[in-house]
Amino acid sequence: LYHKALAELLPTPSKSHYTFNLRDFARIFQGIMMADSKKLAEDSDVFIRLWAHECTRIFRDRLTDQQDREWFDRALISLTSAHFQKPWGDLVKTDRIFFNDFMSSQANSYAEVEDQVKLRKTIESFLEDYNAQTNKPMNLVMF
């Protein structure tokens, strides 16, 4: 995916930040290394979703227009099917894949978020706590 992005998502004057380098590639593996290796070994589908999440976080989040995001989605799905021999629809049952380290009570638990409603409530709770402690509250809308 890194090589495809490097070759096809070229920088232009309006997309000058489309510069990908080995640091981006390394950040994917940094994210993967944050997860519990025992859980990843138990279920390879979780590993594949984690890889997809990290690629999305590093590459897709940088893309500025819908056409490029659609290109990325197609590339991710085709590479997943080709290299992991698993159809995307069998791996991903939700519209978004999330991993984080703040939903669990365990320290340093970078894990998949399976309940997006619970995720929203947790983030809103953190926001409420922050707003209660500061004199400059943030009025954010979670979507």
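All values reported here derive from a predicted model rather than from experimental measurement. (Residues numbered from 1 in each chain as written. Predicted model: local features only at pLDDT ≥ 70, side-chain atom pairs only at ≥ 80, totals over all residues. Heavy atoms only, no water.)

*Asks:* A description of the side chain of R49 should follow, citing residues and the corresponding values.
*Replies:* Here R49 shows up in helix α4 (residues 44-58). Residue classification places R49 among the buried positions, given a relative accessible area of 14%. A distance of 2.8 Å separates a polar side-chain atom of R49 from the backbone oxygen of L91. Apart from residues lying up to four places away in sequence, R49 is in contact with L91, V92, I97, F99 and E112. (Helix = DSSP H or I, 4+ residues; strand = E, 2+ residues; numbered from the N terminus. Buried < 20%, exposed > 50% of the residue type's maximum accessible area, 1.4 Å probe, protein only. Polar contact = N/O pair within 3.5 Å; in protein donor to acceptor, adjacent residues only side chain to side chain. Contact = heavy atoms within 4.5 Å.)

*Asks:* I'd love a proper account of the packing of aromatic side chains, names of residues and values included.
*Replies:* Note on aromatic pairs: each is described by the distance of the centres and the angle between the planes. All chains considered together, the criterion is met by eight aromatic pairs. Aromatic side chains Y2 and F25 sit 5.4 Å apart centroid to centroid with 45° between the ring planes, which places their arrangement in the tilted category. With Y2 in helix α1 (residues 2-8) and F25 in helix α2 (residues 22-33), this residue pair connects regions lying 23 residues apart in the sequence. Considering the side-chain rings of Y2 and F59, the 6.5 Å spacing of their centres and the 35° angle between planes classify their relative orientation as tilted. Residue Y2 is located in helix α1, and its partner F59 is located in the loop between α4 and α5 (66-84); the two are separated by 57 residues in the primary sequence. Each member of the pair, Y2 as well as F59, is classed as buried. Members of the aromatic cluster, each reached through a chain of ring pairs, are Y2, Y18, F20, F25, F29 and F59. (Phe/Tyr/Trp six-rings, centres within 6.5 Å; stacked < 30°, edge-to-face > 60°.)

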